[in-house]
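# Structure at a glance
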Amino acid sequence: ATPAAFCANNPDREKEEDLAADFLSCEVNFLFGGGRNKFHNRSDSRNLLTEMDDKGYQVCNTLEETLATENNKVFAVLDEDQLPLARDRGDLFQKATGKALEILSKNKNGFFAMIEGSRIDDCGHWNDLPKLIAEIGDFDRTVGQVLHWAEKDGKTLVVILSDHETGGLSITGGDISDGEVAGNFANKEHSGILVSVYSYGPQSRQFTGIMDNTDIFIKIKSILNL
């Protein structure tokens, strides 16, 4: 839902075919993820992949195609449904993020990128701690990659946060030397637990203290002079 909100405008997140159609007019340069079936296997028989191609996008079917493209407008939906979990997708998330930075940083006026580790939420709903750890680990490595890039660039603000906590997870034990952790979930839904916000780079000091989640939008909008 979060990345879709940057391309689509609809009151119902379940209207996936309508949401997919909105991508044709969003003008985002780099789009990467899953859900391919909503773009070509549709009830209205439209093939949005062909329509995206007609609008000048390089439509990519694989990670290899995505990494090889020189086009500055990329539309890569690699799976019919969601992308695989971390243990199956390898370093796909990091490679796709690196390609996004490569393409977007060509813009002399700067860029805005929204990168989501969406399967973290799934694993919280499932109360599956091993899969959750793998997802967070993959996200952490991707964040490290972005911070390394931003450090060299020197002009990029990075904000890392979650929209909510899922599962009411608490750490109940573990052993660092053995690489073990024990946890307990309180439920299988979103919780009201406060989430951390991390920031790095120019104007990062604006993201301190306790904030309402909508304050993040207001601060970023102000920084971008929108």
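Quick look at the structure, then. (Residues numbered from 1 in each chain as written. Predicted model: local features only at pLDDT ≥ 70, side-chain atom pairs only at ≥ 80, totals over all residues. Heavy atoms only, no water.)

### Concerning the nonpolar core
Rule in force here: In this description, a nonpolar core means a group of buried Ala, Val, Leu, Ile, Met, Phe, Trp, Tyr and Cys residues linked to one another through side-chain atoms lying within 4.5 Å. The rule is simple: take the accessible area with a 1.4 Å probe, protein chains only, and divide by the maximum for that residue type; under 20% is buried, over 50% is exposed, in between is partly exposed. Secondary structure counts use DSSP, requiring at least four H or I residues in a row for a helix and at least two E residues in a row for a strand, with both numbered from the N terminus. Contacts between residues were defined by any pair of non-hydrogen atoms, one from each residue, lying within 4.5 Å.
Counting 14 residues, the largest nonpolar core has F23, L31, F39, L49, M52 and F75 as its most contacted members. Secondary structure elements with two or more residues in this core: α3 (48-54) and β3 (74-77). Among residues more than four places away in sequence, those in contact with L31 are C7, F23, C26, M52, Y57, V74, F75 and A76. Core analysis: the second largest hydrophobic core is formed by eleven residues, F30, C60, L83 and A100 among them.

### So, the sheet that holds strand β2 (residues 58-60)
Basically, it comes down to this: Here, strands pair whenever DSSP counts at least two bridges between them. Here an axis means a line fitted to C-alpha atoms, over the contact stretch when the element is a helix, while the angle between two N-to-C directions is reported on a 0 to 180 degree scale.
Reading across the sheet, the three strands line up as β1-β3-β2 and stay open at both edges, with parallel pairing between neighbours. Either end of the sheet is taken by a strand with one partner, and the two such strands are β1 (30-33) and β2. Taking the axes of each pair of neighbouring strands and ignoring which way they run, one obtains an average angle of 10° across the sheet. Pairing geometry for β2 and β3, over three bridges, is parallel.

### Remarks on the packing of helix α7 (residues 119-126) against helix α8 (residues 129-153)
Put simply, the rule is: Just so you know how the angles are binned, under 35 degrees is roughly parallel, over 145 roughly antiparallel, 65 to 115 roughly perpendicular, and the rest oblique. Crossing handedness is defined as follows: a turn of the near helix away from the far one that is anticlockwise and smaller than a right angle gives a left-handed crossing, while the clockwise case is right-handed. Residue classes follow a fixed rule: Ala, Val, Leu, Ile, Met, Phe, Trp, Tyr, Cys and Pro count as nonpolar, while Asp, Glu, Lys and Arg count as charged, and any other residue, Gly among them, counts as polar.
At a closest axis distance of 9 Å, the pairing of α7 and α8 adopts a crossing angle of 165°. When the axis of α7 is compared with that of α8, the two are roughly antiparallel. Crossing hand, α7 versus α8: left-handed. For the pair formed by α7 and α8, the contact residues are R119, I120, C123 and G124 on the first element and K131, L132, E135, I136 and F139 on the second. Tallied by class, residues from the contact of α7 with α8 come to five nonpolar, one polar and three charged.

### As for a nonpolar patch on the surface
Test applied: Residues qualify for a patch when their relative accessible area is over 30% and they have no salt bridge, like charges being joined within 9 Å and the nonpolar side chains of Val, Leu, Ile, Met, Phe, Trp and Tyr within 5 Å. Reported accessibility uses the Shrake-Rupley method at a 1.4 Å probe radius. Residues are deemed covered only where the shown protein chains occlude them. Any Lys or Arg side-chain nitrogen located within 4 Å of an Asp or Glu carboxyl oxygen qualifies as a salt bridge.
Taken together, the side chains of F6, F112, L224 and L226 make up a nonpolar region of the molecular surface, amounting to roughly 430 Å² of accessible area. Here L226 shows up in the segment after α9 (213-223).

### Some details on the packing of aromatic side chains
How we decide: In this scheme Phe, Tyr and Trp rings, the latter by its six-membered ring, pair at centre separations within 6.5 Å, and the angle between planes marks the pair as stacked below 30 degrees, edge-to-face above 60, and tilted otherwise.
For the structure on display, the rule yields six aromatic pairs. Their ring planes at 5° and their centres at 6.4 Å tell us that F30 and F32 sit as a pair that is stacked. Classification of F30 by relative accessible area gives buried; the value is 12%. Seen from their ring centres, F111 and W149 are 5.9 Å apart, and the 65° between their planes marks the pair as edge-to-face. Here F111, found in the loop between α6 (92-104) and α7, pairs with W149, found in helix α8; they are 38 residues apart in sequence, far enough to count as distant.

Bear in mind that shape data such as this cannot, by itself, settle questions of function.
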